[in-house]
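Below, each chain spelled out in residue letters.
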Amino acid sequence: MTSPLRIALIIASTREGRFGPTVARWFETVTAGRTDIELTLPYPTDADLPAHWTPNHTPSPPQARAFTEHLATCDAYIVQTPEYNHSFPAP
Ligand SMILES: Cc1cc2nc3c(=O)[nH]c(=O)nc-3n(C[C@H](O)[C@H](O)[C@H](O)COP(=O)(O)O)c2cc1C
């Protein structure tokens, strides 16, 4: 048996009171019965990423490192993003 595809569902909205987690929870119920998918939700908000930071900055903030290390364990990513001013949120 092959191991399930490990997918990180990244909620791109970090706005206080955001709707994003509601959509993510719905997506969790959709994938719950799938044995070929393992869904993880590494919340960027929980990671408390700094507002001004790029991956090329060294050293990485510890919370950013934990977040990216989590992503490195995944096979695929879904970026669930709202539209802000006809684009995606800056964070
Ligand atoms: C600052 C801001 C800008 C927005 N800009 C757009 C937009 O350009 N087009 C659109 O269709 N909706 C826009 N919306 C609506 C959001 O995409 C929608 O409310 C979404 O569910 C917000 O996701 P969130 O609650 O997870 O942040 C905007 C909402 C906010 C708060």
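Residues numbered from 1 in each chain as written. Predicted model: local features only at pLDDT ≥ 70, side-chain atom pairs only at ≥ 80, totals over all residues. Heavy atoms only, no water.

As a further point, take the site of the ligand. The ligand sits among Ser13, Arg15, Arg18, Phe19, Gly20, Pro82, Glu83, Tyr84, Asn85 and His86. At a separation of 2.6 Å, an oxygen atom of the ligand approaches a polar backbone atom of phenylalanine 19. Tyrosine 84 has a polar side-chain atom sitting 2.4 Å from an oxygen atom of the ligand. Its residues assigned to classes, the shell around the ligand shows three nonpolar, four polar and three charged. (Near = heavy atom within 4 Å. Polar contact = N/O pair within 3.5 Å; in protein donor to acceptor, adjacent residues only side chain to side chain. Nonpolar A, V, L, I, M, F, W, Y, C, P; charged D, E, K, R; others polar.)

What follows deals with helix 3 (residues 62–72). Taken together, the buried positions of helix 3 are Ala64, Phe67 and Leu71. Seen along its axis, helix 3 keeps its buried residues to an arc of 65°; they face one direction. Exposed and facing more than 90 degrees away from the buried side of helix 3 are Pro62, Glu69 and Ala72. (Buried < 20%, exposed > 50% of the residue type's maximum accessible area, 1.4 Å probe, protein only. Helix = DSSP H or I, 4+ residues; strand = E, 2+ residues; numbered from the N terminus. Arc of directions from axis to C-beta.)

Considering the arrangement of structural elements, one finds arginine 25 in helix 1 (residues 20–31). A relative accessible area of 46% means that arginine 25 is categorised as partly exposed. Separated by 16 residues in the primary sequence, arginine 25 and leucine 41 have C-alpha atoms spaced 9.4 Å apart.

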